[in-house]
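Single-letter residue listing:
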Amino acid sequence: MTSVHTAATAAATAGSAAPRKDSDTTPSESARRRNSSPMTMVDYLRLAAFIMFFVGHSIMVNLCQLAVSPWLILVSKRVNRKFNQQAERWFCTVLLAATSIWAPTRLVLTGDRELGSSSAAGDIGGDESSWFAPAVEHGCMLISNHQTYFDWIIIWILSYLQKCDGYIKIILKGELKNVPVFGWGMQFLDFMFLKRKWADDQRTFETHMQRIIDHDDPAWLLIFPEGTVVCKKRIAISDAYAAKTGLRRPEHTLLPRTNGSRVCLNKLRGRIPYIYDLTVGYEGLRKGDIPEDEYGLVSMYGKSIYPSEVHIHVKRYAVADIPADEEGFSAWMQNVFVEKDIRMGRFYELGHFPHDHEEDPAIPVDSPVLRVAKPARAGNLPAELISMWIQFLAIIIPARYVLSHVLSGVWHALSGIL
Ligand SMILES: *[C@@H]1O[C@H](CO)[C@@H](O)[C@H](O)[C@H]1NC(C)=O
């Protein structure tokens with residue numbers, strides 16, 4: 001109830017001038033630490049506990065996939081897909097649990113005015129589910145700016161809130177494919193791994209999109225058009241490209257790459273009705289900060305330095321209105337990112353995305369856009385964890401039993417021969 005803002009705190013959180021709600025007094029808020037502070041003993045313990053929790057659960061998910069999936073593939077690809085959607089939900093439960101224990105942030109969503117408006121000015125409330133109804137039914141493509149490696153976690157949590165956490169499709173660097181446990185798990189989930197060679201990647205996109213079209217599941221394809229998180233090196237490359245081509249130099253994002261999104265979208269035309277354009281902003285950052293330097297995963301889950309709120313502005317584009325040709329699509333995407341960059345500038349001024357007429361003259365006077373704030377966690381986390389563990393054990397115990405009998409059978413056969 002008492003969120004006392006001392007002068008020092010106010011200065012440290014200058015980026016977020018928004019009046020605080022009563023409920024969100026996080027430990028990091030009263031005396032905000034910067035990530036440049038050294039790791040303490042407590043940080044190491046906290047990080048070790050996180051790694052044990054996260055890796056341990058991921059191993060369980062992966063063991064279940066290894067125990068079940070190879071057999072299901074033989075029986076039915078469809079059943080195997082359904083099983084792996086469940087595995088994907090388990091993994092999201094793990095992300096939700098880890099985030100609510102180690103970095104209990106809140107998710108603040110603002111909707112573009114075309115998505116509908118809220119009744120009371122300045123009100124935080126309402127329900128965003130109508131924005132995503134077409135995506136829940138038909139699937140969607142999500143494009144987002146890439147600020148930190150937490151982006152994909154919070155967007156996965158957003159999909160969980162719409163009950164679509166089993167359908168997320170993520171695009172990753174090819175090197176991650178063979179990382180034990182995680183890479184293997186993501187291969188079962190049919191994520192896309194890129195080689196950064198256009199001819200190869202184009203084929204990867206097309207075969208994956210074909211699979212999405214062939215299935216009746218509402219895939220949520222997540223794309224970060226910048227290709228990587230914002231960092232000094234990438235900013236320099238992006239700026240040089242802007243200077244060379246005469247494109248507007250962004251201040252808060254990199255220039256978007258357009259080829260991958262275009263190829264995916266053109267395959268999915270007729271299947272998905274909308275692209276959701278997400279702009280992600282982190283509370284506590286100041287203009288010019290490199291977000292990943294402040295809110296890296298070690299900082300968030302180890303040092304307990306995390307944003308009290310992650311803001312996502314949601315905008316929706318009808319696929320039918322988006323140009324299909326290379327030049328037209330490229331211009332469209334550049335424009336989406338120019339708007340995004342300007343919106344990020346406003347975010348740093350206001351501490352949140354513009355929400356009413358005073359903050360953005362384009363928003364009608366009497367109908368501010370809907371703003372929803374909720375904790376980024378499961379409705380009933382203990383129940384979800386227990387249910388997940390019951391499913392784990394229901395798979396692992398019989399699988400172990402079968403495996404030990406198969407092995408001892410083989411052993412006996414071998415010793416009979418020898
Ligand atoms: C983008 O796609 C076009 C047409 O398919 C191709 O010619 C071009 O090399 C691609 N650009 C990049 C940067 O891969």
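Up top is the structure.
Now for a description of the structure that goes with this document. What you see is a predicted model; the values in this text were computed from it and never measured.

The space that makes up the second largest pocket amounts to roughly 510 Å³. If you list the elements that add at least two residues to the lining of the second largest pocket, you get α4 (77–102), α7 (182–188) and α8 (198–214). The leading source of residues in the lining of the second largest pocket is α4, at 6 residues. Of the residues in the lining of the second largest pocket, the class split is 6 nonpolar, 8 polar and 8 charged.

On to the pattern of salt bridges, then. In a structure, side chains of opposite charge can pair up when their charged atoms sit close to one another. Scanning the model with the defined rule gives 17 salt bridges in all. Linking K287 and E251 is a salt bridge whose minimum nitrogen-to-oxygen distance equals 3.4 Å. Pair noted here: K287 is in the loop between β6 (274–282) and α11 (291–294) and E251 is in the loop between α9 (232–245) and α10 (259–268), with a separation of 36 residues, a long-range link.

For the rest of this paragraph, the subject is the nonpolar core. W90, L142, W220, Y301, I312 and V314 are the most contacted members of the largest nonpolar core, which totals 76 residues. Tallying contributions element by element places α4 first for this core, with 11 residues. With residues near it in sequence (within four places) discarded, W90 still touches V61, C64, F83, M388, Q391, F392 and I395. In terms of nonpolar packing, the next biggest core, distinct from the first, is built from 24 residues, I143, V319, I322 and F329 among them.

This part covers the site of the ligand. Neighbouring residues of the ligand: W198, N259, R262 and E326. Take W198: an N or O atom from its side chain is 3.3 Å from an oxygen atom of the ligand. Interatomic distance of 2.5 Å between a side-chain N/O atom of N259 and an oxygen atom of the ligand. Bound to the protein, the ligand loses 42% of the 370 Å² it would expose on its own. Looking at side-chain class alone, the shell around the ligand contains 1 nonpolar, 1 polar and 2 charged residues.

Moving on, we come to the packing of aromatic side chains. The final tally for this structure, using the stated rule, is 24 aromatic pairs. Pairing F150 with Y301 gives two aromatic rings, centres 6.5 Å apart and planes at 55°, and the pair type is tilted. Of this pair, F150 sits in the loop between β2 (140–144) and α6 (151–161) while Y301 is found in helix α12 (residues 297–301), placing the two residues 151 residues apart along the sequence. Exposure remark for F150: the relative accessible area of 0% places this residue in the buried category. Take Y301: its relative accessible area is 2%, and that puts it in the buried class. A ring pair is formed by Y274 and Y276, whose centres lie 6.4 Å apart and whose planes are at 65°; its orientation type is edge-to-face. A relative accessible area of 24% places Y274 in the partly exposed class.

What counts, and where the lines are drawn
Residues numbered from 1 in each chain as written. Predicted model: local features only at pLDDT ≥ 70, side-chain atom pairs only at ≥ 80, totals over all residues. Heavy atoms only, no water. 1 Å grid on protein atoms, 1.4 Å probe; cavity = no way out; pocket = protein on both sides within 12 Å on 5 of 7 lines; lining within 4 Å. Points joined across faces, edges and corners; volume = space filled by probe spheres on them. Helix = DSSP H or I, 4+ residues; strand = E, 2+ residues; numbered from the N terminus. Nonpolar A, V, L, I, M, F, W, Y, C, P; charged D, E, K, R; others polar. Salt bridge = Lys/Arg side-chain N within 4 Å of Asp/Glu carboxyl O. Core = buried A, V, L, I, M, F, W, Y, C linked by side-chain atoms within 4.5 Å. Buried < 20%, exposed > 50% of the residue type's maximum accessible area, 1.4 Å probe, protein only. Contact = heavy atoms within 4.5 Å. Near = heavy atom within 4 Å. Polar contact = N/O pair within 3.5 Å; in protein donor to acceptor, adjacent residues only side chain to side chain. Areas by Shrake-Rupley, 256 points an atom, 1.4 Å probe, with all protein chains shown as cover. Phe/Tyr/Trp six-rings, centres within 6.5 Å; stacked < 30°, edge-to-face > 60°.

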